[in-house]
Amino acid sequence: MNKNWKAICKIADTHVMWALAMLDVNSTIGRKFVRRFPEYFTKKKQAGPYPLSLMRAAGLEKGCRDGSDSGDDHIVSYDAVPEGIPVQTFDKFGRNVAGLNGPKLPSEISPDAKQGEIVTWAGKQFVVLENNNSCEELSIAPAELVAVDR
């Protein structure tokens, strides 16, 4: 059983949303929740929308294990973006500071865009997942796959 991210992200009570989002559906209590609240679960795997706050929490946890207190701001660097959510990383100024060799940031996206900010590129909306100033990289994901809830 998989989580129905679209339904979970619509829950207005943040604590309930987090509880379902963090729930282990294979545990005894998880299976009870699946039976009692089937609208929040699905047999099909879904890519999102996935709560940004959960990615930040996972990044912070991974960062702390590595001795960093900024993992929540660097969710792409700490591999905290769920599989299935496509991420595009840009070199903000074209200086290849961190060896990215990726495309230069499009002019329609500000190099100062903040995490969670909605930006438009090529007529489509994206969420800024990470703006890493030290590496001069900015990463985005399609807005329909990320629930900005922080």
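Quick caveat: nothing in here was measured; it's all calculated off a predicted structure. (Residues numbered from 1 in each chain as written. Predicted model: local features only at pLDDT ≥ 70, side-chain atom pairs only at ≥ 80, totals over all residues. Heavy atoms only, no water.)

(A) Highlighting the overall build of the protein. Across its full length, the protein carries four helices and eight strands. The helix and strand sequence of the protein, counted from the amino end, reads β-α-α-α-β-β-α-β-β-β-β-β. When its C-alpha atoms are laid out on the principal axes, the protein stretches across 55 × 40 × 25 Å. The buried share of the protein, taken over its 150 residues, is 44%. Summarising the internal contacts of the protein: among those between residues at least 6 apart in sequence, 53% fall at separations of at least 24. (Helix = DSSP H or I, 4+ residues; strand = E, 2+ residues; numbered from the N terminus. Buried < 20%, exposed > 50% of the residue type's maximum accessible area, 1.4 Å probe, protein only. Contact = heavy atoms within 4.5 Å.)

(B) Spotlight on the environment of M55. Tracing the chain through its elements places M55 in helix α4 (residues 52–65). Using a relative accessible area of 0% as the deciding quantity, one classes M55 as buried. When the C-alpha positions of M55 and G123 are compared, they lie 26 Å apart, and in sequence the two are 68 residues distant. Look past the residues within four positions of M55 in its chain and what remains in contact with it is Y50, I75, A80, V81, P82, I85, L129 and V146.

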